[in-house]
Structures are given as structure tokens and as C-alpha cells.
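As a plain string of letters, each chain reads:
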Amino acid sequence: MLGGADRPSDRIALRRLGSLPESGILVAGIRYLGAAAYGGRAYLVPAQHLLASALAPASCVPASQRALQRALLPSLRAEYAHEALCLVIVYPLQASPSCQPAPGTVAALLYGPGSPGFGLAPDGVPSVTLRFRGHGPIRAGVRHNFWIVNDESLLLSPCGLDWTTANGTVLRTVASCTKDTT
């Protein structure tokens with residue numbers, strides 16, 4: 001997916017991506033994945049480093065936050081060693097990013113306004129089945145490793161996700177709906 005040629009649809013002003021917990025965005029690797037509800041556009045954004053919060057010289061950090069930064073520094077340095085992949089839904093007025101270390105399972109099951117389910121699937125997964133409590137399952141096709149269900153009327157959060165073959169055979173259950181025993 002990231003190795004393909006840059007397409008006009010892949011281009012986006014970096015300021016539109018919002019505040020991402022990463023540094024060293026690989027602009028040539030940004031890929032447009034598909035449309036989301038409410039005028040949103042989904043992008044995959046690769047970066048050289050994953051950061052849960054910014055690294056800054058102590059002199060640049062307010063005195064009240066220096067102790068916290070010193071305590072977080074070892075974990076921030078460990079995160080910095082990892083490359084990152086972010087799945088970002090860019091809406092007309094905001095962006096909604098989800099970033100994980102790469103390689104790995106990145107953003108397999110997310111949801112947002114008007115999109116009760118979206119995410120990434122590995123190579124070779126042609127479809128997914130999304131499960132909800134109190135609603136039947138919904139199947140979605142995977143294109144360029146991305147899948148999305150756009151349904152502004154479905155106000156439920158997903159509780160399960162299966163990666164499936166084209167005929168619905170489960171390849172892997174990524175998230176499972178468990179019964180509440182209370």
C-alpha cells in the first residue's frame with residue numbers, strides 16, 4: 001500500500017492532519033484510503049518516530065511540568081525508536097488520528113461520527129464482519145487494506161470484528177463481543 005505511486009488524491013496540507021503523536025512525517029508515503037461520513041477523508045500517515053507526547057529541551061518546558069517530563073523521558077525515548085503509522089480521518093473542521101508503532105496491527109477497529117466502524121486489515125484480507133450488540137452483523141469490503149462502514153443512522157459502537165474471506169469464512173477474530181454477566 002505504501003510502496004505505490006503517489007496519486008493526486010494522496011496529497012493533503014500537513015496542517016489538516018491535526019496534532020499527531022509522531023515526528024518525521026514521511027510525506028511521500030501518505031495515502032488517501034477512502035471517504036468517511038460527514039465529508040471526512042481517511043488517510044494513512046507514516047512517520048519515522050512515534051511519540052505519545054513531545055520531546056523538548058528542559059529549558060523549553062514550563063517549570064511546573066519539568067518533573068513530569070523527567071519522569072516520562074525514559075518511555076518517550078523508547079517510543080522514539082519506533083516508526084509509526086497513523087490512520088487519520090480528516091473532517092472539514094477537525095482531524096481524528098489513531099497512531100501505533102509500525103510494523104504491527106494498526107487501527108484494526110475504530111469508530112467515529114457517522115462511521116460506526118473503520119480500520120486497517122493486513123494484505124490478503126478481502127472483507128471484514130463488524131458486530132454490534134442489539135444489531136445484526138455488517139460486512140464490508142477491504143480496499144487498499146482499508147475498510148469503512150458509513151452509516152450516519154447507526155448510533156451503536158462496534159463490539160466485534162472478524163477478518164474474513166470473500167465468502168465470509170473467518171480468518172481471524174480481531175475483537176469479540178463478550179456477554180455482560182451483570
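Above this text is the structure in question.
Residues numbered from 1 in each chain as written. Predicted model: local features only at pLDDT ≥ 70, side-chain atom pairs only at ≥ 80, totals over all residues. Heavy atoms only, no water.

(A) Spatial organisation of the overall build of the protein. When its secondary structure is counted, the protein shows 1 helix and 12 strands. The helix and strand sequence of the protein, counted from the amino end, reads β-β-β-α-β-β-β-β-β-β-β-β-β. For the protein, the share of sequence-separated contacts (at least 6 apart) that also reach a separation of at least 24 residues comes to 59%. Carbon together with sulfur atoms contributes 56% to the accessible area of the protein, which is approximately 10100 Å² in total. (Helix = DSSP H or I, 4+ residues; strand = E, 2+ residues; numbered from the N terminus. Contact = heavy atoms within 4.5 Å. Areas by Shrake-Rupley, 256 points an atom, 1.4 Å probe, with all protein chains shown as cover.)

(B) Expanded view of the sheet that holds strand β7 (residues 115–120). Taken in spatial order, the 3 strands make up an open sheet running β6-β7-β10, and their pairing is antiparallel. Whereas interior strands pair on both sides, the edge strands pair on one side only; in this sheet they are β6 (110–112) and β10 (146–149). Within this sheet the neighbouring strands show an average axis-to-axis angle of 20 degrees, counted without direction. Pairing analysis gives 4 bridges linking β7 to β10, with the strands arranged antiparallel. In the strand pairing of β10, G117 is matched with V149. (Pairing = 2+ DSSP bridges. Axes fitted to C-alpha atoms, helices over the stretch in contact; angles between N-to-C directions.)

(C) Just the pairing of β7, in detail. Counted residue by residue, β7 has 6 buried out of 6 residues, so it is predominantly covered. Relative to β7, β6 is paired through 2 bridges, and the arrangement is antiparallel. Its bridge partner lying in β7, L110 is registered against F118. As consecutive antiparallel partners, β6 and β7 are separated by 2 residues, and within that stretch G114 has a phi angle of approximately 75 degrees, a positive value. (Buried < 20%, exposed > 50% of the residue type's maximum accessible area, 1.4 Å probe, protein only.)

(D) Structural view of unusual backbone geometry. One non-glycine residue with positive phi stands out, namely H144, at about 55 degrees. Tracing the sequence through the fold places H144 in the loop between β9 (135–141) and β10. H144 sits in the partly exposed class, given a relative accessible area of 40%. Its identity is not glycine, yet N145 carries a phi of approximately 70 degrees, on the positive side. Mapped onto the elements of the fold, N145 is located in the loop between β9 and β10.

(E) Spotlight on the pattern of salt bridges. Scanning all chains against the criterion turns up 2 salt bridges. D10 is the partner of R31 in a salt bridge, and the nearest nitrogen-oxygen pair spans 3.5 Å. Highlighted residues: R31 in strand β2 (residues 31–35) and D10 in the segment before β1 (22–25), separated in sequence by 21 residues. A residue is classified by how much of its surface remains accessible, and R31, at 4% relative accessible area, is buried. Residue classification places D10 among the buried positions, given a relative accessible area of 2%. Where D162 meets R131, a salt bridge forms, and the shortest distance between an N and an O atom there is 3.0 Å. Note that D162 is positioned in strand β11 (residues 160–164) and R131 in strand β8 (residues 127–132), a separation of 31 residues in sequence. Taking relative accessible area as the criterion, R131 reaches 31% and is therefore assigned partly exposed. (Salt bridge = Lys/Arg side-chain N within 4 Å of Asp/Glu carboxyl O.)

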